[in-house]
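# Structural description and commentary
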Amino acid sequence: MRQELTSTKFGKYGGQFVPEILMPALVELTEYYEKYKDDAVFNEELDHYLKDFAGRPSPLYFARNLSREYGVKIYLKREDLIHGGAHKLNNTLGQGLLAKYMGKKRIIAETGAGQHGTACAMAGATFGIPTEVYMGAKDTVRQRMNVYRMELMGTKVIPVKSGSQTLKDAINEAMRDWVANVETTHYMIGSVVGPHPFPTMVRDFQSVIGKEVRLQIMEKEGRFPDSIVACTGGGSNAMGIFHPFVEEDVDLFAVEAGGSDMKTTDKEALHSATLCKGEDGILHGMRTKVLQNKYGQILESSSIAAGLDYAGVGPELAYLADIGRLKPCYSMDSEALDAFHDLCRLEGIIPALESSHAVAYVKKAAASGELGDIVVINISGRGDKDLETVMGMRK
Amino acid sequence: MRIAEKFKQLKAKKEGALIAYICAGDPTPEATKEYVTALVRGGADIIELGMPFSDPVADGPTIQAGIQRALDGGMTPDIYFRTISSLKLHIPLIVMTYYNLIFKRGLDKFVKDCAASGISGIIVPDLPPEESDDLLQICRKNEVDLIFLVAPTTTESRMKRILAEGTGFIYLVARLGVTGARADVAVSTGELIKRVNTPTPKAVGFGISTGYQAAEIIRAGADGVIVGSAFVNIIESRKNVPQRLEALARELKEGAARG
Ligand SMILES: Cc1ncc(COP(=O)(O)O)c(C=O)c1O
């Protein structure tokens, strides 16, 4: 099951479906990544940033009150405590350092919720590389605090007004920029998506989450958990915590956004549940599960959580779902909101609406026994960015 | 008509080819028929018709907007093939689209629909040779050309592979970036034309909008020029569209023939 870098695919998924202009850049990136991923100096420097800048390791916290309420023993992996408020920094520090080693003069990125953009801004500032972030115009409104955060750190935020004005359009625009500036610019993709080597590389940089959980749960329980639950947009926090457990006897649950309704029309999906409802297709340089209509036009997706609002998903998740190694599932907007309030009230932790989808699934599934006795939930981020959304819902 | 045959005719006349792109269904299927006729009247040697895809990553703002107008006008792959079948052109016709539309229709069905509706070539900007084996085989079986792109960044080893596999013509991407009309000719264009060493015809696209540029590119050794955004700009303006498409095609064709 281990993915070799020389293969660009996970089963039939993945690959490199990009304009010819970009092919040499992908080859170059793969070469540099292979060269440095096990390099002692590179990893020492990365570890330093992860520890002293990002604040790793993040705690694995036994949520006593939530466990009592939901009826299963719950540990929370506290990525919400990482600098910037989400797991996204693990990836941007890795890619930022690699970009520095590659001598790249400029970083571009896409962002949905603004969390990845914020993490890019942090990495860009730390490594001294000018950074520009494409963000759907709609998202710049619903996540305006993150826009301001990025700007404070010297990053230029470019609103994208094409298409549905959300994450998928921001990715399109970032890819167009990369095509024009490929020789000087590193495209810092924010999840386990895009053409090879991004899905593999981002997974590896995020795997620090799962590696820590292995040690932490052994210390606390003397064994691995029965199940791990993570919300899934592109799938980077999920693959980050799953990957070190893929070959262990641990059940993996990828929780997608059910939105307001699991229905789709010819133009839009009222959800973002790509693994649950998508079909094979090619989007953003990869073959994966995609929300699309019968002709192959990509649908506009929807979720209360901007970070889950994406019509594609990482190819490795599509593969693991196909072979039955992970279970795709979903939580609705309303269920996520409920779980958000549970975690606030019972544990004094305000989770991101994205992460609240994972909590909500545990609330639903605990009673059935499906999750076993001990479950780890990846709290991929903190909810400060979502307060306006939540306040709006209460009115 | 096969693409190779067209280039042979032009070579005998010592003329560069004008390959004219517009997006099918922009703004309606009926308009497309009228516009294609105008381009042919103006002297286009090959027509390239875009099949609109929701997420066109290789296209700049002009063609993106054209694609959006076509989608808003209700264009689908089914309507596309129906429109094409009714065109009855005496010059080669090429479909340009993104891979997901081909994949979703089924590679076999897509290529057969092309052959049946008179399309002689396929361009897929997000399908590099590494991923194209399946489509290439089916194209060969159905005698439809799969046209590959090379870019200024293409390395020698990849260039060899692309030149060995491409038929019809080789599409030279003139500059780093997405589609869009420009006033100049990039220095990299001339270098790329020299690097592409093949008996297959070479056509240069991305950024060409004037007869002067067309002449310069043919003079640099290309066999044809591909022009899209400059035509789509005219469609966007909605003013005297057929007349102006014809006039621009004539200017470009004169440039290509003179170069
Ligand atoms: C807090 C948080 N969790 C999850 C996600 C979803 O991304 P992924 O599925 O790649 O982890 C995001 C994306 O912005 C996020 O900000």
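Coordinates for the structure precede this section.
In this report, we go over the structure that sits alongside the text. Since the model is a prediction, treat every value here as computed from it, not as a measurement.

## Some details on the sheet that holds strand E7 (residues 170-173) of chain B
Residues and elements named next belong to chain B. Taken in spatial order, the nine strands of this open sheet run E5-E4-E3-E2-E1-E9-E8-E7-E6, and their pairing is parallel. Strands at the two margins of the open sheet, each flanked by one partner only, are strand E5 (145-147) and strand E6 (149-150). Taken together, the four bridges between strand E2 (residues 46-50) and strand E3 (residues 93-96) define a ladder with parallel strand orientation. What sits directly across from Gly 50, in E3, is Met 96. The strands touched by helix H12 (residues 241-258) within the sheet are strand E1 (17-23) and strand E9 (224-227), with E1 carrying the most contacts at an inclination of about 150°.

## A look at the site of the ligand
Residue and element names in this part refer to chain A. Taken together, 18 residues lie around the ligand, and Ser 191, Gly 233, Gly 235, Ser 236 and Ser 380 are the ones closest in. Here Lys 88 contributes a side-chain N or O atom positioned 3.1 Å from an oxygen atom of the ligand. When isolated, the ligand has an accessible area of 390 Å², and the protein chains bury 97% of it. Counted by class, the shell around the ligand contains four nonpolar, 12 polar and two charged residues.

## Considerations on the side chain of Gln 213 of chain B
All names here are of chain B. Its place among the elements puts Gln 213 in helix H10 (residues 211-219). A polar side-chain atom of Gln 213 sits 2.6 Å from the main-chain amide nitrogen of Ser 209. Excluding anything up to four places from it in sequence, Gln 213 contacts Arg 182, Ala 183, Asp 184, Val 185, Gly 207 and Ile 208.

## A short note on helix H2 (residues 40-53) of chain A
The α-helix advances 3.6 residues per turn, and as a result positions three or four apart in sequence lie on the same side. All names here are of chain A. Under the 1.5 Å per step criterion, the end-to-end length of H2 is 19 Å for 14 residues, consistent within 8% with the ideal 20 Å. Listed in full, the buried residues belonging to H2 are Phe 42, Leu 46, Tyr 49 and Leu 50. Taken end-on, H2 shows its buried residues confined to a sector of 95°, consistent with a single buried face. Turned more than 90 degrees away from the buried face of H2 sit Ala 40, Val 41, Glu 44, Lys 51 and Asp 52, all of them exposed. Next to the buried residues of H2 lie helix H1 (23-36), helix H4 (88-102), helix H5 (115-127) and helix H9 (198-206). Gly 55, located one to two residues past H2, shows a positive phi value of around 90°.

## Observations regarding the environment of Glu 48 of chain B
All names here are of chain B. Here Glu 48 lies in strand E2. Note on Glu 48: relative accessible area 2%, which makes it buried. Distance from Glu 48 to Ile 79, taken between C-alpha atoms, is 16 Å for residues 31 residues apart in sequence. In this view, Glu 48 contacts Ile 19, Ala 20, Tyr 21, Ile 22, Ile 94, Met 96, Ile 123, Tyr 171 and Ile 226; residues no more than four positions away in its chain are not counted.

## Notes on the pattern of salt bridges
Residue and element names in this part refer to chain A. Applying the stated criterion across every chain, the model contains 48 salt bridges over all chains. A salt bridge links Arg 106 to Glu 132, with the shortest nitrogen-to-oxygen separation between them at 3.3 Å. Of the two residues, Arg 106 sits in strand E5 (residues 106-111) while Glu 132 sits in strand E6 (residues 131-136), which places them 26 residues apart along the sequence. Arg 106 gets classed as buried once you look at its relative accessible area, which sits at 16%. The residue Lys 385 makes a salt bridge to Glu 354 at a minimum N-O spacing of 2.7 Å.

## Description of the nonpolar core
Core analysis: the biggest nonpolar cluster contains 193 residues, and Tyr 80, Tyr 99, Ile 122, Leu 135, Phe 169 and Phe 231 of chain B have the highest contact counts within it. In contact with Ile 122 of chain B, not counting residues within four places along its chain, are Ile 94, Val 95, Ile 102, Phe 110, Val 111, Cys 114, Cys 139, Val 144, Asp 145, Leu 146 and Ile 147 of chain B. Grouped together as the second largest cluster of nonpolar side chains are 34 residues, Val 229, Leu 346, Ile 349 and Ile 377 of chain A included.

## Examining a nonpolar patch on the surface
The grouping of Ile 350, Leu 387 and Met 391 of chain A at the surface amounts to a nonpolar patch, some 270 Å² of accessible area in total. Structurally, Met 391 of chain A can be placed in helix H16 (residues 387-394).

## Considerations on H1 of chain A
Spanning 14 residues, H1 of chain A covers 20 Å between terminal C-alpha atoms, matching the ideal 20 Å at 1.5 Å per step. Looking at H1 of chain A, one finds that the buried residues are Met 23, Pro 24, Ala 25, Leu 26, Leu 29, Thr 30, Tyr 33 and Tyr 36 of chain A. Residues of H1 of chain A that are buried in the fold lie against H2, H4, helix H8 (167-181), strand E8 (185-187) and H9 of chain A together with helix H8 (156-165) of chain B.

## What about the side chain of Lys 104 of chain A?
All names here are of chain A. Tracing the backbone through its elements, the reader meets Lys 104 in the loop between H4 and E5. Using a relative accessible area of 10% as the deciding quantity, one classes Lys 104 as buried. A distance of 3.4 Å separates a polar atom in the side chain of Lys 104 from a polar atom in the side chain of Glu 28.

## Structural notes on the environment of Gly 84 of chain A
All names here are of chain A. Structurally, Gly 84 can be placed in the loop between strand E4 (73-78) and H4. Through-space distance from the C-alpha of Gly 84 to that of Gly 381 is 8.8 Å; in sequence the pair is 297 residues apart. When residues no more than four places from it in sequence are discounted, the contact partners of Gly 84 are Gln 115, Met 122, Arg 149 and Arg 382.

## Quick word on the packing of aromatic side chains
Residues and elements named next belong to chain A. In total, this model carries 19 aromatic pairs over all chains according to the counting rule given. Judged by centre distance (5.2 Å) and plane angle (80°), the ring pair of Phe 42 and Tyr 101 falls under edge-to-face. Residue Phe 42 is found in helix H2, and its partner Tyr 101 is found in helix H4; the two are separated by 59 residues along the sequence. With relative accessibility at 22%, the residue Tyr 101 sits in the partly exposed group. Grouped by ring-pair contacts, the aromatic residues Tyr 32, Tyr 36, Phe 42 and Tyr 101 constitute a single cluster.

## Some points on unusual backbone geometry
Of note, the amide linkage connecting Arg 56 of chain A to Pro 57 of chain A takes the cis form, showing an omega dihedral of -5°. The topology assignment puts Pro 57 of chain A in the loop between H2 and strand E3 (60-62). With omega at -5°, the peptide bond leading from Asp 26 of chain B into Pro 27 of chain B counts as cis. Summarising the element assignment, Pro 27 of chain B is placed in the loop between E1 and helix H2 (29-42). Notably, Gln 165 of chain A is not glycine yet its phi reads approximately 60°, a positive angle. According to the relative accessible area criterion, Gln 165 of chain A is partly exposed, its value standing at 25%. For His 284 of chain A, which is not a glycine, the phi torsion comes out positive at approximately 50°. Take His 284 of chain A: it is sitting in the loop between strand E11 (279-283) and strand E12 (286-290).

Scoring rules and cut-offs
Residues numbered from 1 in each chain as written. Chains lettered and ligands numbered in written order. Predicted model: local features only at pLDDT ≥ 70, side-chain atom pairs only at ≥ 80, totals over all residues. Heavy atoms only, no water. Pairing = 2+ DSSP bridges. Helix = DSSP H or I, 4+ residues; strand = E, 2+ residues; numbered from the N terminus. Contact = heavy atoms within 4.5 Å. Axes fitted to C-alpha atoms, helices over the stretch in contact; angles between N-to-C directions. Near = heavy atom within 4 Å. Polar contact = N/O pair within 3.5 Å; in protein donor to acceptor, adjacent residues only side chain to side chain. Areas by Shrake-Rupley, 256 points an atom, 1.4 Å probe, with all protein chains shown as cover. Nonpolar A, V, L, I, M, F, W, Y, C, P; charged D, E, K, R; others polar. Expected span 1.5 Å × (residues − 1). Buried < 20%, exposed > 50% of the residue type's maximum accessible area, 1.4 Å probe, protein only. Arc of directions from axis to C-beta. Salt bridge = Lys/Arg side-chain N within 4 Å of Asp/Glu carboxyl O. Core = buried A, V, L, I, M, F, W, Y, C linked by side-chain atoms within 4.5 Å. Patch = residues over 30% accessible without salt bridge, like charges linked within 9 Å, V, L, I, M, F, W, Y side chains within 5 Å. Phe/Tyr/Trp six-rings, centres within 6.5 Å; stacked < 30°, edge-to-face > 60°.

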